[in-house]
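Structure assessment
The chain contents come next:
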Amino acid sequence: MNMQSLNLDKRSATTTQPPDVRVAEVPVAKLIDISKCIGCKACQVACMEWNDLRDEIGINVGSYENPRDLSAESWTVMRFAEYQRENGDMEWLIRKDGCMHCADPGCLKACPAPGAIVKYSNGVVDFISENCVGCGYCIAGCPFNVPRISSIDNKAYKCSLCSDRVSVGLEPACVKACPTGCIQFGSKVDMIARGKKRVGDLKERGVQTAALYDPPGVGGTHVMYVLPRGDAPERYSGLPADPSISPWVAVWKGVSKPLLSAGLGLAVLGAFFHFVTRGPKEEHADEEEEKQ
Amino acid sequence: MTATVRVTSKGVPRYSRNERVTHWIVTITFFLLALSGLAFFHPAFWPLTALLGGGVWSRILHPYIGIVMFLAFGLMGLRYWRENIIQPFDREWGKRLPDIINNRDEGLPEIDKYNLGQKQLFWAMVVTMLLLLASGVVLWRDLTAFPVAAIRIAAVVHALAAFVLMLGIIVHVYSAIFWVKGSMRAMTLGTVSRSWARHHHPLWYRRVAGKE
Amino acid sequence: MTNQWVDIKNADLVLIMGGNAAEAHPCGFKWVSEAMENRKAKLVVVDPRFTRSAAVADYYAPIRVGTDIAFLGGVINYLLANNKVHADYVRAYTNASFLVGEGFHYADGLFSGYDAAKRSYDRSTWAYELGKDGFVVVDETLENPRCVYQLLKSHYSRYTPEMVERICGTPKDKFLKVAEFIGSTATPERVMTICYALGWTHHSHGSQNIRTMAMIQLLLGNIGRPGGGVNALRGHSNVQGITDQCAYSEVLPGYLSAPTEADDTRDKYIAARTPKALRPNQMNYGQNFAKWHTSQMKAWFGDAAKADNGFCYDWLPKRDGAYDVLAIFERMFQGKISGFIAQGFNPYAALPNRKKVAMAMSKLKYLVVIDPLKTETGEFWQDYGDKNPVKPEEIKTEVFRLPVSSFAEDTGTFTSSGRVIQWHWAGQDPPGQAKTDREIVAQLFTRVRDLYRKDAGKLPEPILGLTWPYAIATAPSPEELLREMSGRAVTDVVDPADKTKVLVPAGQQLAGFGQLQDDGSTACGNWIYSGVFSQAGNLSARRDTSDPGGLGNYLQWGFAWPANRRILYNRANTDPKTGKPWDPKRGGISWNGKAWAGIDVPDIKPDLGPDSGAGPFIMNAEGVGRLFALGGMAEGPFPEHYEPFETPIGTNPLHPQVVSNPAARVYKGDMEAFGKADKFPYAATTYRLTEHFHFWTKHGVLTAIVQPQAFVEISEDLAKEKGIANGEQVKVSSNRGELKAVALVTKRVATLTCDGKKVHTVGIPIHWGFLGVTKPGYLANNLTPYVGDANSQTPEYKAFLVNIEKA
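Everything numeric in this text was worked out from a predicted model, so none of it was measured. Along each chain, residues carry numbers from 1 onward, in the same order as the chain's sequence is written. The naming scheme follows written order: chains are lettered A onward, ligands numbered 1 onward. The predicted origin of the model limits local features to residues at a pLDDT of at least 70 and limits the giving and counting of side-chain atom pairs to 80 or more, whereas totals for whole chains, interfaces and linings rest on all residues.

What follows deals with the overall build of chain C. Each helix corresponds to a stretch of at least 4 residues labelled H or I by DSSP, and each strand to a stretch of at least 2 residues labelled E; elements are numbered beginning at the N terminus. Along the backbone of chain C there are 21 helices and 33 strands. Every C-beta atom is placed from the backbone, and the number of other C-beta atoms within 10 Å of a residue's own sets its class: buried at 20 or more, exposed at 12 or fewer, partly exposed in between. Relative to its full complement of 807 residues, chain C shows a buried share of 55%. Any residue pair is listed as a contact if its two C-beta atoms, each placed from the backbone, are within 7 Å. Relative to all contacts within chain C whose residues are 6 or more apart in sequence, the contacts with residues 24 or more apart total 72%.

So, in structure tokens, the structure goes:
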């Protein structure tokens, strides 16, 4: 959705400030309270319905996870992880996986196509498919391994946080469908407050490890989790404990961009000024030389 | 400066027809790759994607063109690697670099078909081409599927290798077209003047002239 | 549900056992979440598997399939031994103090009156001791050894924590922890709700599973209270409605027991169903049976039903035996049924022992399937390879498929688990030639009636005399039907005390079942729905969310039967002497000195104050809750642990000579088809997944995407023993059939030790079949045994024996 009415905080492959003058934008956030998640996949179905996505009907490979992974047609999937405590008690750690909508989005940083990835001023990171060239750099840039390239049109896809719904004042489809109230949506400030309250609730219930997942390494996220096992986010099917944009990506899309470009420019200039100061090595005519 | 006599039959043959074709294939593909690659590298160069028909076509074609360049350069590599082995007199020649840069070419050590700069460029191209190929394959999502960690490293390697290659080519192009007059015809007509050959590559010239 | 969905939010402890609310009732589960967040309620889950419910629970304990009574009996023993009972409640609102007659006794797994040949009981000794006044003798001290309390104590003294561990495989410490949680709600300040579902009903002792929990809730004083009750989470959006309207032939709408051959006259029929009060001053609401039944006959037969013809009682069929679903298919199996109409029913997929059902259906002359989808039932005669290995050339059954609207394509009501009748509007027209259920049934009826008119035939009167007052005879409207159920005055209804006073003028809709009469002046299709469509209009269509008490009663939202009451037995939420709520913050009704009033509809006559001595359980003749069930249950007045008919331990540690339910009906051939642990060593259970709904949603693309292929769940131990890797194909077989599926190897299915033996469990989700857009699968009911609960005949889908091997 290339919404003219929306302010952009960031725009991929764009070195100047994109339109961002309106002041009314409130940063939004989705809060996924894992202590209330029953893994029912209503969010997955709602996502498919709202966004008109139909992944393939797959197979079961010995897991509750289906589709097996995020894809261009599955922008969110439930991850199920089993964990056995030392005393033998079970934990079934269920996590809704999908785009985290980083404040400092690695995908946007890596994207070479101007305007293929935007971050609206409300924090939503959105892929503008018509500008996407399908290079997949966003995948390399993402610290959460979220974007996927479609085998149909070679464009990158991921959760848009239902930017089309949010822009007209609705909550994302998954939030609407969640039966237990595990997924909530509101301003980032409110969601942080609610997340902290829930962490307090859980600690009061004896879950001392509870924590709010809003990783600072990516500037915070506009999708946050309340994790009962906040001490070990990796147990939730590999949720990174301290995600940040990979140093390789930072080098590639950070210092190297201006530095190497300048290097090339200097080389050309160097050659040019060599020519005007020193001139060419002239060639003598064979006959002339041979006469001598 | 008097006009040189451009009599082809009297020139010193430097590159055969096949060699010239191969070189120009590499040249053309290199420019397409460099320009489309720059477009992906820095937003300032994005408009260069128009060269290949837009961003998507650039993404699609770039790797295929890269394969062509690699194969063509591979031929050149096989042809020229022996002649690019760096010899002791090359090093001596290299010590006179300030003089060379300032066009004080008198009394330079005699060298063979290629000077040290050309040889260094050759080997730099061999190394960067291999790096570009390897990292390019990793980045080529249309056909390959490497782990994200590998792709991230490959992206950096690809960018750095391309940078080095482009620097080299800038020097190469400047030298061949603008700086060292008489060089260009080696790759257009296939011959150089005896004067040019004697002047810049005396060992080679004597070898070739002797054969004549 | 005695309470309702929203009310779960008022609980302090939510026990999920015999169900998996998060999995099967994800939307209702929000109220569990609410209770946990806002009331700091604890959630305890007891289940053979670590379920989706367990994933968000505070405490989980494993249990072997089919041993819930042993567990709950252990809880009763714990409560009594540790004095964790709500003493005032138990004394006033249960029959704890009532004396039981001398003839009653229990020994070694059998109660008095057992007839082994008939596999049933003479229940006459399961009765109270009556005094000369005709009322039950009571002992308020609860010390008389014949009083219910003492009998209860001695009966469950055998259910020690050690015995629980031995039978259920639940480690003793975990059992005691759960018992401690449950016992914590014995105080007036704390209330527990129990959410169960088919995990309790699908057993040969299913009704007693639930009864045991009801007894626990009575002992804890949790019935009638906000946040309490015994709550069946029903498995379809309208399964409550369909049972209310009579889903099977053994009851008439409104749970009126249908006549049997013994009830040859109306007087006999009415007398046998009209109880006499067993204690003084009780409401004994069942005494109104004649009013409900007579009004129903008026609704059915209209002017033809008159006092002088017994309101057409003779036109009613008189049961010659059982007509539950297993009995019907057994009759079909014996070739005694020639035609079958499956409307909104997929018995071929849903009934146990598919092979037997296939043989039964092959003996039909015709089969009519009324369904929006292509069902396994309609396709039972088709050869789908090993997924439905039948020979079409040998099946002569003629199958008619009538396309029907789905629920979203028709207007009408849903009745939720919480008894709330809610009107819904059609979202769109049915596709193609599909008609609504109403039109199909009406057309069938009018055509049959035409045939009777034309050709006469045997006993044409009930058909020709049936009231058919609809504006369009072939398409009765949902409004007309709901009005008919709700009831109206046929003639002026006059005040019996003052005959000149007209209570309801002729033709008006009734306000409720309190206005029903037994003289033919009222017509009401279903007494418990009376009032849903009153003179005030269609109350089921109300959508007012005002909630003055803040407890989520929502009296102006839809209409809850009976009488728009949201919590049944709510008189029991108050102190027996003062009539004030046990917990002032969770008051429902209270006595204001003159009448009962509050935020719910009182479940007692409004002017029967605390001094009247009237008990809160008004449907019981003694006015109190029954810890001792009299003759109400087929296998005894106290629930006793019986093993599933296919038991992995092969014995009953409590009484090895009586292993399984002695009163459960087993047909010839089915007993022989039971497997033994030597060949089928693993306990198996079937269940639903949240991604699917029964055998419907495998036809839906979205649901197929999120759960595409059949699997079975086994423990890591069992997988290791059998060399099965996660994701491999396995064959699961019982003595009745087999299925193939993907093995899902998980830590969540525990290996238990029961009676010294290692018991592995194989979990089998049911949703796949040979039709649909999911990957084709086998019907889980290839495996299940053809035996039902002794009372309801609900099949034992949840506990049987299988073997498993690599496919």
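Back to the text.
Moving on to the environment of A:Leu170. All names here are of chain A. Note that leucine 170 resides in the loop between α4 (163-166) and α5 (173-177). A tally of 14 C-beta atoms within 10 Å means that leucine 170 is categorised as partly exposed. Each C-alpha atom, one on leucine 170 and one on phenylalanine 185, is 9.5 Å from the other, the two residues being 15 residues apart in sequence.

We now examine the packing of helix α2 (residues 55-80) of chain B against helix α5 (residues 116-139) of chain B. Residues and elements named next belong to chain B. A fitted line through C-alpha atoms represents every axis, and for helices the fit uses only the stretch in contact; the resulting angles, taken between N-to-C directions, go from 0 to 180 degrees. Relative to each other, α2 and α5 sit at 145°, their axes nearing to 10 Å. Handedness of the α2/α5 crossing: left-handed. Of α5, the residues touching α2 (which contributes Pro63, Gly66, Phe70, Phe73, Gly77 and Tyr80) are Phe122, Met125, Val126, Met129, Leu132, Leu133 and Gly136. Here the residues of the contact of α2 with α5 are counted per class, giving 10 nonpolar, three polar and no charged. By definition, any crossing whose near helix is turned counterclockwise from its far helix by less than a right angle is left-handed, and any crossing with a clockwise turn is right-handed. Three classes are used, and their members are as follows: Ala, Val, Leu, Ile, Met, Phe, Trp, Tyr, Cys and Pro are nonpolar, Asp, Glu, Lys and Arg are charged, and the others, Gly among them, are polar.

Pairing between the strands of a sheet is mediated by backbone hydrogen bonds and can be parallel or antiparallel. Residues and elements named next belong to chain C. Ordered by their spatial adjacency, three strands build an open sheet running β15-β16-β23, and the pairing between neighbours is antiparallel. Among the strands making up the open sheet, the edge pair consists of β15 (412-415) and β23 (559-560). Here β15 pairs with strand β16 (residues 420-424) via four bridges, running antiparallel. Residue pairing across strands places phenylalanine 414 opposite glutamine 422, the latter belonging to β16. Strands qualify as paired when DSSP identifies two bridges or more between them.

Moving on, we come to the interface of chain C and chain A. Across the boundary between the two partners, chain C contributes 36 residues, which contact 32 residues of chain A. Across the side of chain C that touches chain A, the residue classes tally to 20 nonpolar, eight polar and eight charged.

Taken together, the contact between chain A and chain B spans 41 residues of the former and 41 residues of the latter. Going through the elements one at a time, α3 (137-141), α7 (247-253), α8 (256-278) and α9 (286-291) of chain A are the ones with two or more residues in the side of chain A that touches chain B. Considering each element in turn, the side of chain A that touches chain B owes the most residues, 11 residues, to α8(A). Residues belonging to the side of chain A that touches chain B are distributed by class as follows: 21 nonpolar, 11 polar and nine charged.

The side chains of a regular strand alternate, residue by residue, between the two faces of the sheet. Residues and elements named next belong to chain C. Alternating positions in strand β28 (residues 729-734) separate cleanly, Val730, Val732 and Ser734 being buried on one face and Gln729, Lys731 and Ser733 remaining unburied on the opposite face. Taken together, the six bridges between β28 and strand β29 (residues 737-746) define a ladder with antiparallel strand orientation. If you follow glutamine 729 over to β29, its bridge partner there is valine 742. Hairpin geometry of β28 and β29 is characterised by an intervening segment of two residues between the two adjacent antiparallel strands. Examined bridge by bridge, β28 and strand β33 (residues 800-806) share four bridges and lie antiparallel to one another. The partner of valine 732 across the bridge, within β33, is isoleucine 804.

Quick look at the domain arrangement of chain A now. Residues and elements named next belong to chain A. Domain extents, as shown, originate in an automatic or database domain assignment. Under the domain assignment used here, chain A contains domain 1 (8-245) and domain 2 (246-279). Summarising the inter-unit geometry, the C-alpha centres of domain 1 and domain 2 are found 38 Å apart. Elements represented by at least two residues in the side of domain 1 that touches domain 2 include exactly α2 (106-110) and α3. Considering every element that reaches the side of domain 1 that touches domain 2, the biggest residue donor is α2, with three residues. Among the residues forming the side of domain 1 that touches domain 2, the class breakdown is four nonpolar, two polar and one charged.

Residues and elements named next belong to chain A. On the basis of which strands lie adjacent, the open sheet formed by three strands has the order β1-β5-β6 and antiparallel pairing. On the outer flanks of this sheet lie β1 (8-11) and β6 (125-127), each paired with one strand and no other. Strand-to-strand, the axes of this sheet are offset by a mean angle of 25°, without reference to chain direction. The pairing of β1 with strand β5 (residues 117-120) spans three bridges and is antiparallel. Note that in β5 the partner of leucine 8 across the bridge is tyrosine 120.

Here A:Asn66 and A:Pro67 are connected by a cis peptide whose omega angle stands at -10°. Looking at the secondary structure, you find A:Pro67 in the loop between α1 (42-50) and β3 (76-84). Backbone torsion omega between C:Trp561 and C:Pro562 reads -10°, so that peptide bond is classified as cis. As for its placement among the helices and strands, C:Pro562 is situated in the loop between β23 and β24 (589-591). Even without being glycine, A:His101 reaches a positive phi, approximately 55°. Within the fold, A:His101 resides in the loop between β4 (90-98) and α2. Phi is positive for C:Asp755, which is not a glycine, with a value near 50°. According to the C-beta neighbour criterion, C:Asp755 is partly exposed, with 18 such atoms within 10 Å.

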